[in-house]
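Coordinate inspection notes
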Amino acid sequence: MISSAILIPVHGPPVAQQLFDQACQPTSTISCDIVTINTFLRHYARSGDIPGMQSLFGLAGKLGLKPDIITYTTLVQGLLRAGQIDMAKNTLRTMHESGLEPNERMCTLLIADLAKDGRKVGLQHAEELLREMGRNKLPLSIVTWTALISGYFRGGWVEDGWDAVRRLEDSQLELNRVAYNVILKQAGSRLELSPDGTPTTIRLFQKMIQDGVRPNSNTYTIVLVPLMRAKLWAEADKVVNIMDKLNFVPEKKELRELLKKVKFRRHLGWKTPKEAVKRRHVAVEKAETEAAAKSRLQGMLGQ
């Protein structure tokens, strides 16, 4: 009942709190166990309520309840959501000292939480956790890698994202359609351009085709929407051409409407918008500057 009440907007959480308080009373006919603690802890973790999480963790100790893997996972997720990375690390140490070790599922959830915003600090900690999984011989699943790679592309750390893709492939794993769709969606949120002016989403989409992974309606929609929003109609047309070559028949109305717009633009003739041209020039200049700096550094080291 507590878990159901929590999900009811506005009036649900106060009712859940009353039920929880009753379960914690010594005279209650319903005993408060670690499952009850975990249920309410999840509620606090969703909102990153640190005092609430700490009070529940302390209450578990007073009631003689031993935290389990779910307790620690939920607590660490809540701390990460609140941006308290150091506290999350300390919690993991406490977990280890209590005799519990993180499992694959827990680590994957934490990596996803650390990487989801695409921030450099979070991604660095996600990489630390990934290495820790390797040291503990925990298997790295496609879900784990997808979470990390998505974070890199969402944050605009394109080369780091491609490096993570290469590491995934070196581990004998392959991105499937679900993974590609997740990564493409995150990459499309920024629409970074490579030095030759090609959007990252197009490079990822082309790799997906080369890998023999067949796109579905969701894939095409995910790729087309940011391209059309940026008025990169010629790039969008390339995607439609690939769709035609694969004899893909769009079933969803949203995708059919997108295709009509792309084909209408094709009929009018392509005009690259000034903003897109400017972004291409910026990408090329950035690449040239980085190459020149690298060359100077190599020259200095050679002296």
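This is a predicted model, so every value here is computed, not measured.

This part is about the overall build of the protein. Across its full length, the protein carries 16 helices and zero strands. For the protein, buried positions account for 42% of its 303 residues. For the protein, restricting intrachain contacts to residue pairs at least 6 apart in sequence, the fraction spanning at least 24 positions comes to 64%. Here the protein has roughly 17,400 Å² of accessible surface; of this, 54% comes from carbon and sulfur atoms.

This brings us to the nonpolar core. Within the largest apolar cluster, 72 residues are counted, with the highest numbers of intra-cluster contacts made by Ile149, Phe153 and Leu224. For this core, the element with the highest residue contribution is helix α9 (residues 142–155), accounting for seven residues. Non-local contacts of Leu224, meaning those with residues more than four positions away in its chain, are made with Ala236, Val239, Val240, Leu255, Leu258, Leu259 and Val262.

Bringing the packing of helix α11 (residues 177–188) against helix α13 (residues 217–229) into the picture now. Contact geometry of α11 with α13 gives a least axis separation of 9 Å together with a crossing angle of 15 degrees. With respect to α13, the element α11 is oriented roughly parallel. By crossing handedness, the relation of α11 to α13 is classed as left-handed. Contact with α11, carried on its side by Arg177, Asn181, Leu184, Lys185 and Gly188, involves Asn218, Thr219, Ile222, Val223 and Pro226 of α13 and no other residues of that element. Of the residues that constitute the contact of α11 with α13, the class distribution is four nonpolar, four polar and two charged.

With 13 residues, helix α5 (residues 69–81) should reach 18 Å at 1.5 Å per residue; the first-to-last C-alpha distance of 18 Å fits that figure. Across the 13 residues of α5, ten count as buried, placing the element largely inside the fold. By the burial criterion, the buried members of α5 are Thr71, Tyr72, Thr73, Thr74, Leu75, Val76, Gln77, Gly78, Leu79 and Leu80. Contacts made by the buried residues of α5 are with α3 (34–47), α4 (50–62), α6 (85–97) and α7 (104–115). Its side-chain oxygen placed 3.1 Å from the backbone nitrogen of Ile70, Asp68 serves as the N-cap of α5. Residue Gly83 follows α5 closely and has a positive phi angle near 80 degrees.

Turning to the packing of aromatic side chains, a few remarks are in order. For the structure shown, the criterion picks out five aromatic pairs. Aromatic pair Phe57 and Tyr72: ring centres 5.7 Å apart, planes at 65 degrees, arrangement edge-to-face. Of this pair, Phe57 sits in helix α4 while Tyr72 sits in helix α5, and the two are 15 residues apart along the sequence. Judged by relative accessible area, Phe57 falls into the partly exposed class, the value being 25%. For Tyr72, a relative accessible area of 4% corresponds to the buried category. An aromatic cluster is defined as three or more aromatic residues linked by ring pairs; in this entry it consists of Phe205, Tyr220 and Phe248. The cationic tip of Lys120 hangs over the ring face of Trp157; the distance from NZ or CZ to the ring centre is 4.5 Å.

A separate point is the side chain of Thr74. Relative to the assigned elements, Thr74 resides in helix α5. In this structure the side chain of Thr74 is engaged in a polar contact, spanning 2.7 Å, whose partner is the backbone oxygen of Ile70. Discounting chain neighbours no more than four positions away, the residues touching Thr74 are Leu41, Arg42 and Ala45.

Definitions and cut-offs
- Residues numbered from 1 in each chain as written.
- Predicted model: local features only at pLDDT ≥ 70, side-chain atom pairs only at ≥ 80, totals over all residues.
- Heavy atoms only, no water.
- Helix = DSSP H or I, 4+ residues; strand = E, 2+ residues; numbered from the N terminus.
- Buried < 20%, exposed > 50% of the residue type's maximum accessible area, 1.4 Å probe, protein only.
- Contact = heavy atoms within 4.5 Å.
- Areas by Shrake-Rupley, 256 points an atom, 1.4 Å probe, with all protein chains shown as cover.
- Core = buried A, V, L, I, M, F, W, Y, C linked by side-chain atoms within 4.5 Å.
- Axes fitted to C-alpha atoms, helices over the stretch in contact; angles between N-to-C directions.
- Parallel < 35°, antiparallel > 145°, perpendicular 65-115°, else oblique.
- Left-handed = near helix turned anticlockwise from the far one by under 90°.
- Nonpolar A, V, L, I, M, F, W, Y, C, P; charged D, E, K, R; others polar.
- Expected span 1.5 Å × (residues − 1).
- Polar contact = N/O pair within 3.5 Å; in protein donor to acceptor, adjacent residues only side chain to side chain.
- Phe/Tyr/Trp six-rings, centres within 6.5 Å; stacked < 30°, edge-to-face > 60°.
- Lys NZ or Arg CZ within 6 Å of the ring centre and 35° of its normal.

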